[in-house]
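# Observations on the three-dimensional arrangement
Here is what each chain is made of, one letter per residue.
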Amino acid sequence: MDLLLVFYYLIFFAILLAPFLLFHFKFHETASPFGKDDNEILSPLLQKKSNTLDSLKDLRSDFHSGKITEEEFQNASIPYLEELENLEVKLTAVKSQSSPQVLTPVKISEEWTCSNCGSYINVPRAKFCPECGSTRLA
Ligand SMILES: [Zn+2]
């Protein structure tokens, strides 16, 4: 076989593999190329929560079957309940961080006075002062 042909084969395969290699090294296989998934942060917390709930259920079934007394049940469930409360706080914190801020619509009434230059504007839906150009939403 011609040595030049081998050389061209190698170049051809390099070009063919380049996009796959780029994808493999640039992005982690587990991570989405479209940005970080919210569930990635939430899922360990949710997992912990369901584990804690399972433990509580086990405790309750032990109590109902008479393996432990009511006092033992209550004492044993306190740490789990505290854990649940902590998880709940963390979950709401993560959720409020990741959810986009909702912009409250500014109510636009009829006449208004410019807060910058003080001129009276009777253009009903004007968002900017026609005199000085400052926004009325500021
Ligand atoms: Zn003005």
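Residues numbered from 1 in each chain as written. Predicted model: local features only at pLDDT ≥ 70, side-chain atom pairs only at ≥ 80, totals over all residues. Heavy atoms only, no water.

Moving on, we get to the overall build of the protein. Tallying secondary structure elements over the protein gives three helices and two strands in all. Secondary structure elements of the protein occur, N-terminal to C-terminal, as α-α-α-β-β. In the protein, which comprises 138 residues, the proportion classed as buried is 14%. In the protein, the share of contacts with a sequence separation of at least 24, taken over all contacts with a separation of at least 6, comes to 37%. (Helix = DSSP H or I, 4+ residues; strand = E, 2+ residues; numbered from the N terminus. Buried < 20%, exposed > 50% of the residue type's maximum accessible area, 1.4 Å probe, protein only. Contact = heavy atoms within 4.5 Å.)

So, about the coordination of the zinc ion. Binding of the zinc ion to the protein goes through Cys114 (SG), Cys117 (SG), Cys129 (SG) and Cys132 (SG), at separations of 2.2 to 2.3 Å. Seen from the zinc ion, its four donor atoms lie at angles of 107 to 112°, and the figure they make is tetrahedral. Donor residues binding the zinc ion come from one chain and are separated in sequence as C-x2-C-x11-C-x2-C. When its relative accessible area of 39% is taken as the criterion, Cys117 is described as partly exposed. (Donors = N, O, S within 2.8 Å, 3.2 Å for Na, K, Ca; no water. Tetrahedral: all angles 85-135°; square planar, octahedral: opposite > 155°, others 65-115°.)

Applying the stated criterion to the full structure yields three salt bridges. The partner of Glu83 in a salt bridge is Lys48, with the nearest N and O atoms 3.8 Å apart. With Glu83 in helix H3 (residues 70–98) and Lys48 in helix H2 (residues 38–64), the pair connects residues that are 35 residues apart, well separated along the chain. (Salt bridge = Lys/Arg side-chain N within 4 Å of Asp/Glu carboxyl O.)

Over its 24 residues, helix H1 (residues 3–26) runs 33 Å from end to end, which matches the ideal 34 Å to within 8%, given 1.5 Å per residue. Along its length, H1 reaches its greatest deviation from straightness, about 40°, at Ala18, and the proline Pro19 lies no more than four positions downstream. Two or three places before Leu4, at the opening of H1, Asp2 has a side-chain oxygen 3.3 Å from that residue's backbone nitrogen. (Expected span 1.5 Å × (residues − 1). Bend = angle between axes of the 7 residues up to and from the residue. Polar contact = N/O pair within 3.5 Å; in protein donor to acceptor, adjacent residues only side chain to side chain.)

For the coordinates displayed, the defined rule picks out three aromatic pairs. Residues Phe7 and Tyr8 carry aromatic rings whose centres are separated by 6.0 Å and whose planes lie at 45° to one another, so their mutual orientation is tilted. Classification of Tyr8 as partly exposed rests on a relative accessible area of 49%. Between the aromatic rings of Phe63 and Phe73, the centroid separation amounts to 4.9 Å while the plane-to-plane angle is 5°, which identifies the pairing as stacked. Note that Phe63 is positioned in helix H2 and Phe73 in helix H3, a separation of ten residues in sequence. On the basis of relative accessibility, which here comes to 25%, the residue Phe63 falls in the partly exposed class. Accessibility expressed as a relative area gives 15% for Phe73, which makes it buried. (Phe/Tyr/Trp six-rings, centres within 6.5 Å; stacked < 30°, edge-to-face > 60°.)

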